[in-house]
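# Close look at the chain arrangement
Residues per chain, in single letters:
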Amino acid sequence: MNNKGYTLMEMVVVVSLLVVIMVGGTSLFLTNLRSGGTSEVVLKTARTARVLADLVETRLRYGRVIQVGELSKDLCLEAGTDGVSGSSVLFENLQGEQELLAFSNGEIASSSADGSNSVRLNNDEVRVESFEIKWFCIPGLNDKIKVDMSFGGSGVGLKNDVFEKISREMILLNSGTK
């Protein structure tokens, strides 16, 4: 007898092996896809956080701080090494114009002191979770500012949001006494 073909048992074994390989391959593919999306969101969040922190640092380092939140230079001097805190800072920029950096509703905006010119500094892809400024004024020394910012990002297929925190301390070159 000449049997051409495969037995039922051989077919069951081959199909079972193919199913195991396909399930494992699909699982590996989905894991890599999810990991790639996470990496992209992490990089985007970190990059945006660094760019925004650099922008804020440059503006403040060369400006002259007038007030943080509602607290003026006199109150800052009274606070001494404890400093004063707020989520906005009013300063005089290098052009001699007053500028306000303020955090509100997940955005950081820069505006002229009268509010006529307002520019949002962060983009839609990354949200600002917090923006806290601490101003230290010590007589005889240049003022110091500490800026703490946290950012959040999310993406399709991510189980959890991605967060990035940045803290910058800087000596202000045009604030305080030398």
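Please read all numbers here as calculations on a predicted model, not as lab measurements.

### Things to note about the overall build of the chain
The helix and strand inventory of the chain stands at two helices and ten strands. Listing each helix as α and each strand as β along the chain from the N terminus yields α-β-β-α-β-β-β-β-β-β-β-β. In the chain, buried positions account for 31% of the 178 residues. If you take every contact in the chain between residues at least 6 apart in sequence, the share linking residues at least 24 apart comes to 56%. Only carbon and sulfur atoms are counted for the fraction: they give 56% of the accessible area of the chain, which is about 11,200 Å².

### Quick look at the side chain of S111
Tracing the backbone through its elements, the reader meets S111 in strand 6 (residues 107–112). For S111, a relative accessible area of 13% gives the class buried.

### Focus on the state of the cysteines
Tallying each qualifying case throughout the model produces one disulfide. Across the disulfide, C76 is cross-linked to C137 (sulfur-sulfur distance 2.0 Å). Given an S-S torsion of about 100°, the disulfide between C76 and C137 has right-handed geometry. Residue C76 is found in helix 2 (residues 73–79), and its partner C137 is found in the loop between strand 8 (127–136) and strand 9 (142–153); the two are separated by 61 residues along the sequence. Relative accessible area serves as the criterion here: at 0%, C76 is assigned to the buried category. Accessibility expressed as a relative area gives 0% for C137, which makes it buried.

### Examining the packing of aromatic side chains
Counting across every chain of the model gives zero aromatic pairs. Cation over ring: K144 sits above F136, and NZ or CZ is 5.3 Å from the ring centre.

Criteria and thresholds
Residues numbered from 1 in each chain as written. Predicted model: local features only at pLDDT ≥ 70, side-chain atom pairs only at ≥ 80, totals over all residues. Heavy atoms only, no water. Helix = DSSP H or I, 4+ residues; strand = E, 2+ residues; numbered from the N terminus. Buried < 20%, exposed > 50% of the residue type's maximum accessible area, 1.4 Å probe, protein only. Contact = heavy atoms within 4.5 Å. Areas by Shrake-Rupley, 256 points an atom, 1.4 Å probe, with all protein chains shown as cover. Disulfide = S-S within 2.5 Å. Phe/Tyr/Trp six-rings, centres within 6.5 Å; stacked < 30°, edge-to-face > 60°. Lys NZ or Arg CZ within 6 Å of the ring centre and 35° of its normal.

Honestly, it's all geometry; don't read function into it.
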